[in-house]
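The chain contents come next:
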Amino acid sequence: MNYLKEERLNALAAEYVVGTLRGKARLRYQKLLMQYQIVGETTAKWEEYLVGFSDGITPVEPPHGVWEQIQHRLNHGNSTKPVSNVVEFEQAKQARWRYLSFLSTAAAMIFAVLLVVMIPVADEEISHVAVVNNADNTPLWVIEISESTMDVKVTSAFAAITDKDYELWMVPENGEAPISLGLLPESGLEHLATNAILLNGRIAALAVSLEAPGGSKTGAPTEVLYIAPLVSV
Amino acid sequence: MEHETLFPLLCETANGNKAAFAELYKLTSPQLYAVVLKLLKRPELADEATQDAFIKIWHNAGSYQRGKGTVLTWMVSIARYRALDLIRYHNLRNEVSLDNEAPQLDESSNTVRMNTEQDKLAECLDELDQSQRQAIQLAYVNGLSHQEVVNHLSSPLGTIKSWIRRGLQSLQRCLSL
């Protein structure tokens, strides 16, 4: 099926924006969004067409805690402690969990100290991380990026396909074509060189495509399988 | 408001200006929160969707392209898609009472988007057949799937799909005139 035929694309974009395009069809459309500029433009057109429905909804002031949580999650200064929405009778139960949480945190810290002692410490700090999940939200690759090294760890949930390779892509925010970051490992942990564009470019997301052995022959992703946000830490 | 206020605030947000981001939140969060609350019904999930949306807006402010729509449309879309993701992730079934929840346009709340394009949009929405408009509204505003719209309007699935498809085609024709 040619998704890019104008009439077909308009129908898909409209149902994507309305929200009736669901399940695997929605995921397939999201991949098309990453691949083709025309898909993004058509989607934006429909967003503008239909937003009039949202205009009709009476605004509702969000709870104060929402803004505090946003500041907290962005690590912005002057954020006060997030407001707890938990009602009082839950507090006794929570105290027990806090105690257990404290114990597990302490154990984790001791373990971390042991690790620091046992393992040579990397010179560079990790600046960005990305976790590539499959459609069931199960992590397949964990990517940690520092100034010169990109560490890619393959999880036990990953199952390789014979005669295929997996290629990692950086998707620029400005809608330009994805840039290849190389082939992903299919087992264990691999240390790759960090592409400077990951640190300096404006990035919408990372993407993983399925490719013939050796990677894309065209310079563009062949079949985008997964999309992962790149988060600065 | 869109051109005078929101766009400069978004530009400042893209430059890392936290005060501008706070002002952008103050001006737009009631609209975004209302949209996701309508979709998700559950306040705790609406809180989560609103937080996620504004965090994405902070990180992606620089990627907004004016040619692709207004700032508010861009922001509302980010919030809506996050809410739709949460509906899928939590496998939420939308059960709404037709008597209480049939979406009605509230003219008095339409204070943000006031220009010729929006007038045209309102005109085209008004021209839609009542059943088409209601089916699209239930899906867009309340987050109902095709099957949920079927349950809601007590019409066959084929009819509902047809109402939505033809309604959207009519809207496109009207807006492109």
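Since the structure is predicted, the reported quantities are computational estimates derived from the model, not experimental observations.

Asker: Could you clarify how one ought to interpret the sheet that holds strand β6 (residues 189–193) of chain A in this entry?
Answerer: Residues and elements named next belong to chain A. Within the open sheet, the 5 strands sit side by side as β6-β3-β2-β1-β9. Their pairing is antiparallel. Strands with a single pairing partner mark the edges of an open sheet, and in this sheet they are β6 and β9 (231–232). Here strand β2 (residues 139–145) pairs with strand β3 (residues 149–154) via 5 bridges, running antiparallel. Bridging from a neighbouring strand, Glu144 pairs with Asp151 of β3.

Asker: Just to check I follow, could you spell out the pattern of salt bridges for this structure?
Answerer: Should their charged atoms come close, side chains of opposite charge can pair. Here the structure, examined in full by the defined rule, presents 7 salt bridges over all chains. For Asp52 of chain B, the salt bridge identified is with Arg73 of chain A, shortest N-O distance 2.7 Å. Residue Asp52 of chain B is located in helix α3 (residues 43–60), and its partner Arg73 of chain A is located in helix α4 (residues 64–73); the two belong to separate chains. Overall, the relative accessible area of 41% leaves Arg73 of chain A in the partly exposed class. The partner of Glu48 of chain B in a salt bridge is Arg82 of chain B, with the nearest N and O atoms 4.0 Å apart. Residue Glu48 of chain B is found in helix α3, and its partner Arg82 of chain B is found in helix α4 (residues 71–89); the two are separated by 34 residues along the sequence. The class of Glu48 of chain B is partly exposed, set by a relative accessible area of 29%. Residue class for Arg82 of chain B comes out partly exposed when judged on its relative accessible area of 27%. One continuous salt-bridge network, built from bridges that share partners, spans Arg73 of chain A together with Glu48, Asp52, Arg82, Asp85 and Arg88 of chain B.

Asker: Please clarify how the nonpolar core should be interpreted in this entry.
Answerer: Most often, soluble globular proteins have nonpolar side chains that are buried together. Counting residues in hydrophobic clusters, the biggest one holds 78 residues, and the most contacted among them are Leu50 and Ile70 of chain A together with Leu40 and Ile57 of chain B. With 12 residues, the single largest contributor to this core is α4 of chain B. In this structure Ile57 of chain B touches Leu10, Phe21, Leu24, Leu32, Trp74, Met75 and Ile78 of chain B, once residues within four positions along its chain are discounted. One finds Leu184, Ile203, Val208 and Ala228 of chain A within the second-largest nonpolar core, a separate group that totals 24 residues.

Conventions used here
Residues numbered from 1 in each chain as written. Chains lettered and ligands numbered in written order. Predicted model: local features only at pLDDT ≥ 70, side-chain atom pairs only at ≥ 80, totals over all residues. Heavy atoms only, no water. Pairing = 2+ DSSP bridges. Helix = DSSP H or I, 4+ residues; strand = E, 2+ residues; numbered from the N terminus. Salt bridge = Lys/Arg side-chain N within 4 Å of Asp/Glu carboxyl O. Buried < 20%, exposed > 50% of the residue type's maximum accessible area, 1.4 Å probe, protein only. Core = buried A, V, L, I, M, F, W, Y, C linked by side-chain atoms within 4.5 Å. Contact = heavy atoms within 4.5 Å.

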